[in-house]
There are 6 protein chains.
Amino acid sequence: MKQPHIQCTKDDISKMVILPGDPARVDRVAKHLDEYEEIAYNREFKTIKGKYKGIDVTVTSTGIGGASACIALEELVACGAEYFIRIGSLGAYQEEIKIGDLIIAEGAVREDGASKMYIGENYPAVANSEVLEVLKKKAKELEYAHYTGLVRSHDSFYIDNEDDVVRYWNKKGLLGADMETATVMTLGRLRNVKVGSILNNVVVYESDVRDGINDYVDNGKMAEEGERREIILALEALCELSKK
Amino acid sequence: MKQPHIQCTKDDISKMVILPGDPARVDRVAKHLDEYEEIAYNREFKTIKGKYKGIDVTVTSTGIGGASACIALEELVACGAEYFIRIGSLGAYQEEIKIGDLIIAEGAVREDGASKMYIGENYPAVANSEVLEVLKKKAKELEYAHYTGLVRSHDSFYIDNEDDVVRYWNKKGLLGADMETATVMTLGRLRNVKVGSILNNVVVYESDVRDGINDYVDNGKMAEEGERREIILALEALCELSKK
Amino acid sequence: MKQPHIQCTKDDISKMVILPGDPARVDRVAKHLDEYEEIAYNREFKTIKGKYKGIDVTVTSTGIGGASACIALEELVACGAEYFIRIGSLGAYQEEIKIGDLIIAEGAVREDGASKMYIGENYPAVANSEVLEVLKKKAKELEYAHYTGLVRSHDSFYIDNEDDVVRYWNKKGLLGADMETATVMTLGRLRNVKVGSILNNVVVYESDVRDGINDYVDNGKMAEEGERREIILALEALCELSKK
Amino acid sequence: MKQPHIQCTKDDISKMVILPGDPARVDRVAKHLDEYEEIAYNREFKTIKGKYKGIDVTVTSTGIGGASACIALEELVACGAEYFIRIGSLGAYQEEIKIGDLIIAEGAVREDGASKMYIGENYPAVANSEVLEVLKKKAKELEYAHYTGLVRSHDSFYIDNEDDVVRYWNKKGLLGADMETATVMTLGRLRNVKVGSILNNVVVYESDVRDGINDYVDNGKMAEEGERREIILALEALCELSKK
Amino acid sequence: MKQPHIQCTKDDISKMVILPGDPARVDRVAKHLDEYEEIAYNREFKTIKGKYKGIDVTVTSTGIGGASACIALEELVACGAEYFIRIGSLGAYQEEIKIGDLIIAEGAVREDGASKMYIGENYPAVANSEVLEVLKKKAKELEYAHYTGLVRSHDSFYIDNEDDVVRYWNKKGLLGADMETATVMTLGRLRNVKVGSILNNVVVYESDVRDGINDYVDNGKMAEEGERREIILALEALCELSKK
Amino acid sequence: MKQPHIQCTKDDISKMVILPGDPARVDRVAKHLDEYEEIAYNREFKTIKGKYKGIDVTVTSTGIGGASACIALEELVACGAEYFIRIGSLGAYQEEIKIGDLIIAEGAVREDGASKMYIGENYPAVANSEVLEVLKKKAKELEYAHYTGLVRSHDSFYIDNEDDVVRYWNKKGLLGADMETATVMTLGRLRNVKVGSILNNVVVYESDVRDGINDYVDNGKMAEEGERREIILALEALCELSKK
């Protein structure tokens, strides 16, 4: 049976999955694979299946936000996927984090709506420690500038008191924000699969969000390099994990 | 300046906007326009601009979930849009609602995360009454089978206690559920724009959600016809509203 | 069987009901009826039954606050009432709203305790759209100065941070506040009856609440005229609704 | 200055106040006074001022529910009142409590909306211990059957799951429910005045609420006697308190 | 059977119990007893049993915080204890309260986590009125400087916004804060036992908490005298209560 | 300056700290040190300082519950401590976990009151990944039976619906429960120190809690061995961490 949204069957999905948000990033992951084929592209869910250094890898875009990320994750789990590495973008909450620096999330503040539909807010959004370890080890081996810590996943950054929110979390030590990490970490744990998350910083602290994202869309060199790095890091980590 | 996600400028966006969730439905709306051009397609946000019976209409897909719908709405408002009609799919919560029946939402239960980032839960997600009136009037004129009442917008239907949730709301009289109506109604009001929502029933009450959506994806005739109707209804309503 | 609080039976109550808060306003509605009789007056619940342009109308006062309004509504529904129009007073939250201007509520922020006993806060307090349409149409025909939008219904305006609360909601675009609209709209929907609400502005924005209400009690001309208008508007609307 | 709702001035209000809910009960208190005059009767707020065994006593009805009780209390405090004894009706939550038995509340579960507008729910609704002591002492001297413990004050008993709610609180040991005790105890403390509450049981545990209240309205002998006793107890307690 | 934490059996525990927080204070209570023996000392729970003016008294330390206080209370109730008087320390929230002044709590704001595990926050933490009355009467007879009113029980005073919290509660009229009163009052009522609380002020309002507690640990004379007084007051009250 | 509760100064505290709950366990840790001295023992806080394989180690008991654990952690951080490993007891929520098996917590459900005083519930209680990695690695090297996953930290297990709670979390995949892990993980992160937690299972799933803890107090062999192992694991991990 084809899953209703991702339009894939068990045969289409490998044990190892990469989860970008943007369907276009699926294609940019494809460039790093030894071979691949497109499986389906329905709504914001684009899926390809390919090979990287001998292992099978699926790449499925989740779209923006926890609601669509949940759908992708649930349907991928239903197809037998076991390891998930999200590769996304982050707006930094600390001054020292530069564009293109990678954030490997240990956990996330759950300000998304989707994870709360599954379980109370006091349940922690935590990276799977096996995946987390491999991500940290590989990032070090690859000599990629990176930070490890907590992020915040929310459902809208165009809120009226955005500045206050960002300053609050800056003081509490968060590394930055995205919109899906908390959802996939929470849901992954409830579904007994292993989830990690790598985020590429595309907005420096206290710059304007719209400007930052625009720069990114305009393909600033550093953000592009950050994305290239998070792709390679995810692929290398899945290789290592598949050997265990 | 181009908006970062929808990749449009003020020149690209008209006062009247239709908001499907699915980028593919943007193309299906296009077929009903007298003329149109594609403006942008970035992530889940596909935008076309066209003409319908002499008025300018923009169609932008929101993607699934309140988080991406918020982004679309905020950026469209920043480009000068004033009237929004969401056209989406619904899973029915009452037995008598058949596939392809239209639901014109008076308001929505706010079980989405995105609207809560803007304002407390006790703020009502209510359709703009001017838009609502015209939708009801036009649906009657077009002789489309339809219901008017409340729906529920949530961030995930793959939750473990889904059946209990659905039965609870059936008893409370809700017509059905989607994932974006509450978000766009709440945010629209805060941004002082006018929002209505038409939903096409694609899952009958107490059937299995995955089956239902699959049928829809497989293009069951009635669901297809329902979509055609919600498109025409939205277009006709915008025409009428533009005359005021 | 007589209902315990309103002390009425099914024979006493018509399909069409007007709901003032103040028992004394019941008598002022009576003056506009072609004929009427007093049915009961127990606690804050005064009920009369009469005729207006050929239709049967019941008028029952709810007392102040959602708790007593709930009792009135529940017992009236048990007696077979179907359409309810609240006529109440409002303190304005926007500068342009003058004393005696009418507010036709599309919905209400649920800051009352009573509606929360029935259903979660994210369920919207929304006017019935059939009633709302007729109220808007009739207000226009009668050429009464009026606004359509959201109000806030709360359980106390003598709170210590009242000024902050009012300023917050002014910025969010609310038209003003009363104490019963959210309750009767929420409960009405759950009981499958049709509820609308007209509010007469008796306190201008940023004036002192006690002064404002005193002026009103002292029968300022404009507030009196506003009340006269909301009574006529309610009666005319019920006439129109009874024809459908 | 006259208070806007109770329509009284400082001269009208004594230090000692009795707070029935029902305006008609104000008159039944009057019968026990040595002399009295009616001060005002606006909406549900009826006020008389009189003498009992040499001390000045004011009696003001609060109407049903915390919202109107708050208004009465705030305006009475503004007029200089210091001691308040609520005399109300209760539905019993324990089998052994008979019709007409008195409940002297030590505190109350805050299920009203009004007190929550003033302060967080974890702030306790507690009787003033000076008033409580005198009430207990006098009830004993008068040899009135009575219970001391906690009650619950809520904003609606016509909710769909009323039976579950009642059974839950029965197990937790509550004596019964009214609609105003929690509000006046919470607000009284915040306004630095002294509040106690006597409740007359008018509905036995697990009987039907509508029947129970009807019996009461039909003036069942025991309920009437209970009311007579709560009036005398309140008056005697205020006498004792005025001597301190 | 020995209770798992306090390591006592029914034979070890009398009807009357004193609950200090600090195990060392158990020994300081012992000095005021006519005779005593140590029963158990496991973790923070030290228990002695003795005689005071002819009555049997148990003294058990609860440790710091509601979590351990709950354990002590639950296990003592399981052993048959009926009356509990907590003797603890308080940081004052009002300027006029001096070091060594006693606070007799009528109730407490429930900012502890433990009581919330048992019952919703709107259930009041109230002193048993029988115990409270005797404490007030005895404090007066002993001519100890004391205050009666509400306190706040919380789970940490090293929070970042402590100053704001303290100032907020100062304005709301709280007498001060401890960490266990709300827990033992709430749980005691649910378990149908009688609980009172005496607190000895060891930190004046707006002094630094760490300094204050240090002074106390350094055995400032007034704080020591305050502790002596709360011990005697508790013992005298239990004597009086045992006569009833 | 001496910290008020733990009664230690900066000189007394090393960078590496072990946090048992029970003061008696401090002494049992001491047996594994090459040398040590007792620093202070005030209330439930017992502190020793010693050497293990050449590194300085402090051991401080936290007492039971988040409230006292917070105090210990805050004061230890004020004295310069940087790495913390909690060694505690757990009641298992999964059948396969045997007495004496170790649980290395990746994170914890925050059902404690103390951590909520610092930060919202949606902030995750997550182990520091550096500490977590070393704990997992060392447990493997030492060949100790162990599990890695989430636990729940709460403020009372004597609640009335304990069985329901346990069964709920069993289904959600939690490994078991303690009372301090969530608190120290949350607070540690906010204070920028590194926290891990090892728990020794002392109660098998679906056995009676009181029996289980009694067996433990009676020093069942396996539970004793489990405690020995968590001590050695903590010491070995701190050694490894100090080399970095």
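All of these numbers come straight from a predicted model, not from anything done at the bench.

Novice: Just give me the short version of the pattern of salt bridges, but keep the residues and values in it.
Specialist: Following the criterion strictly, the structure yields 138 salt bridges over all chains and no others. With a shortest N-O distance of 3.1 Å, Glu111(D) and Arg152(D) are connected by a salt bridge. Pair noted here: Glu111(D) is in strand 6 (residues 102-111) and Arg152(D) is in strand 8 (residues 146-154), with a separation of 41 residues, a long-range link. Judged by relative accessible area, which is 17%, Glu111(D) ranks as buried. Through salt bridges with shared partners, a single ionic network connects Glu74(A), Arg191(A), Asp160(B) and Lys172(F).

Novice: Break down the relation of the copies chain D and chain C for me, with residues and values.
Specialist: At an RMSD of 0.0 Å, chain D and chain C line up after a rotation of 180° and a shift of 0.0 Å along the axis. Each copy turns onto its partner about a two-fold axis. Nearest to the rotation axis, the C-alpha of Gly113(D) is located 1.7 Å from it, this being the minimum over chain D. Here 98% of the interface residues in chain D have copies in chain C that are interface residues too; the copies meet face to matching face.

Novice: Describe the packing of aromatic side chains, naming the residues involved and giving the relevant values.
Specialist: Taken as a whole and judged by the stated rule, the model has 18 aromatic pairs over all chains. Cluster of aromatic residues (ring-pair linked, three or more members): Tyr123(A), Tyr168(F) and Trp169(F).

Novice: So what's going on with the pairing of strand 8 (residues 146-154) of chain E? Residues and values would help.
Specialist: All names here are of chain E. Here strand 6 (residues 102-111) pairs with strand 8 via nine bridges, running parallel. Looking at strand 8, one finds that Ile103 is bridged to Tyr147. By the bridge criterion, three bridges tie strand 8 to strand 9 (residues 176-178) in an arrangement that is parallel. For Ser153, the partnering residue across the bridge sits in strand 9 and is Asp178.

Novice: Pulling in residues and values, what's your account of the interface of chain D and chain C?
Specialist: Each partner contributes residues to the interface: chain D has 44 residues there, and chain C has 44 residues. Summed over both sides, the interface between chain D and chain C buries roughly 3,600 Å², with carbon and sulfur atoms accounting for 58% of that surface. Linking chain D with chain C are four salt bridges. Taken together, chain D and chain C are joined by 13 residue pairs in polar contact (both at pLDDT 80 or more). Counting only elements with at least two residues in the side of chain D that touches chain C, the list comes to helix 1 (23-30), strand 2 (35-42), helix 2 (66-78), helix 3 (114-118), strand 8 and helix 7 (209-217) of chain D. Split by residue class, the side of chain D that touches chain C holds 19 nonpolar, 12 polar and 13 charged.

Novice: Tell me about the environment of Cys8(B), residues and numbers included.
Specialist: All names here are of chain B. Structurally, the position occupied by Cys8 is in the segment before strand 1 (16-20). On the accessibility criterion, Cys8 (0% relative accessible area) is buried. Sequence separation of Cys8 and Leu235 is 227 residues, and the distance between their C-alpha atoms is 21 Å. Ignoring anything within four residues of it in the chain, the contact list for Cys8 reads Met1, Lys2, Gln3, Ile13, Ile39, Ala40, Thr47 and Cys79.

Novice: Run through the environment of Tyr118(A), naming residues and quoting values.
Specialist: Along the chain, Tyr118(A) falls in helix 3 (residues 114-118). Linking Tyr118(A) and Asn42(A), residues 76 residues apart in sequence, is a C-alpha distance of 25 Å. Not counting chain neighbours up to four residues away, the residues in contact with Tyr118(A) comprise Cys70(A), Glu74(A), Leu187(A), Leu190(A), Arg191(A), Ser156(B), Tyr158(B), Ile159(B) and Lys172(F). Only 2.6 Å separates the side chain of Tyr118(A) from the side chain of Glu74(A), close enough to count as a polar contact. Engagement of the side chain of Tyr118(A) in a polar contact is seen with the side chain of Ser156(B), the distance being 2.7 Å.

Novice: So what's going on with helix 4 (residues 129-141) of chain A? Which residues, and what values?
Specialist: All names here are of chain A. With 13 residues, helix 4 extends 18 Å from end C-alpha to end C-alpha; this agrees with the ideal 18 Å at 1.5 Å per step. All buried positions along helix 4 are accounted for by Ser129, Glu130, Val131, Leu132, Val134, Leu135, Lys136, Lys138 and Ala139. Sitting at the amino-terminal end of helix 4 is Asn128, which places a side-chain oxygen 2.9 Å from the backbone nitrogen of Glu130. Among the residues trailing helix 4, Glu143 stands out with phi positive, at a value near 55°.

Novice: Before we move on, could you go through the packing of helix 4 (residues 129-141) of chain E against helix 8 (residues 221-243) of chain E and cite the residues and values that matter?
Specialist: Residues and elements named next belong to chain E. Contact geometry for helix 4 and helix 8: axes closest at 9 Å, N-to-C directions at 120°. Between helix 4 and helix 8, the crossing angle belongs to the class labelled oblique. Handedness of the helix 4/helix 8 crossing: right-handed. Residue-level inspection shows Glu130, Val131, Val134, Leu135, Lys137, Lys138 and Ala139 of helix 4 in contact with helix 8, the latter providing Leu233, Glu236, Ala237, Glu240 and Leu241. Here the residues of the contact of helix 4 with helix 8 sort into seven nonpolar, no polar and five charged.

Novice: I'd love a proper account of the packing of helix 1 of chain D against helix 8 (residues 221-243) of chain D, names of residues and values included.
Specialist: The geometry of a pair of packed helices is captured by two quantities: the angle between their axes and the separation between those axes. Residue and element names in this part refer to chain D. Packing of helix 1 against helix 8 brings their axes to within 10 Å, and their N-to-C directions diverge by 65°. Compared by their axis directions, helix 1 and helix 8 come out roughly perpendicular. In this structure, helix 1 crosses over helix 8, and the sense of that crossing is right-handed. Residue-level inspection shows Arg25, Arg28 and Val29 of helix 1 in contact with helix 8, the latter providing Glu227, Glu230 and Ile231. When grouped by side-chain class, the residues that make up the contact of helix 1 with helix 8 number two nonpolar, no polar and four charged.

Novice: Go over the UniProt feature "domain: Nucleoside phosphorylase" (unreviewed entry) in chain A with me, naming the residues and quoting the values.
Specialist: As recorded in UniProt, the sites labelled "domain: Nucleoside phosphorylase" (unreviewed entry) are residues 15-199 of chain A. As a span, residues 15-199 of chain A carries 32% helix and 36% strand, and end to end its C-alpha atoms are 22 Å apart.

Reading the values: the criteria
Residues numbered from 1 in each chain as written. Chains lettered and ligands numbered in written order. Predicted model: local features only at pLDDT ≥ 70, side-chain atom pairs only at ≥ 80, totals over all residues. Heavy atoms only, no water. Salt bridge = Lys/Arg side-chain N within 4 Å of Asp/Glu carboxyl O. Helix = DSSP H or I, 4+ residues; strand = E, 2+ residues; numbered from the N terminus. Buried < 20%, exposed > 50% of the residue type's maximum accessible area, 1.4 Å probe, protein only. Least-squares fit on C-alpha atoms with pLDDT ≥ 70 in both. Contact = heavy atoms within 4.5 Å. Phe/Tyr/Trp six-rings, centres within 6.5 Å; stacked < 30°, edge-to-face > 60°. Pairing = 2+ DSSP bridges. Buried area = accessible area lost by both parts, 1.4 Å probe. Polar contact = N/O pair within 3.5 Å; in protein donor to acceptor, adjacent residues only side chain to side chain. Nonpolar A, V, L, I, M, F, W, Y, C, P; charged D, E, K, R; others polar. Expected span 1.5 Å × (residues − 1). Axes fitted to C-alpha atoms, helices over the stretch in contact; angles between N-to-C directions. Parallel < 35°, antiparallel > 145°, perpendicular 65-115°, else oblique. Left-handed = near helix turned anticlockwise from the far one by under 90°. UniProt positions renumbered as here; feature names shortened; annotations may be inferred.

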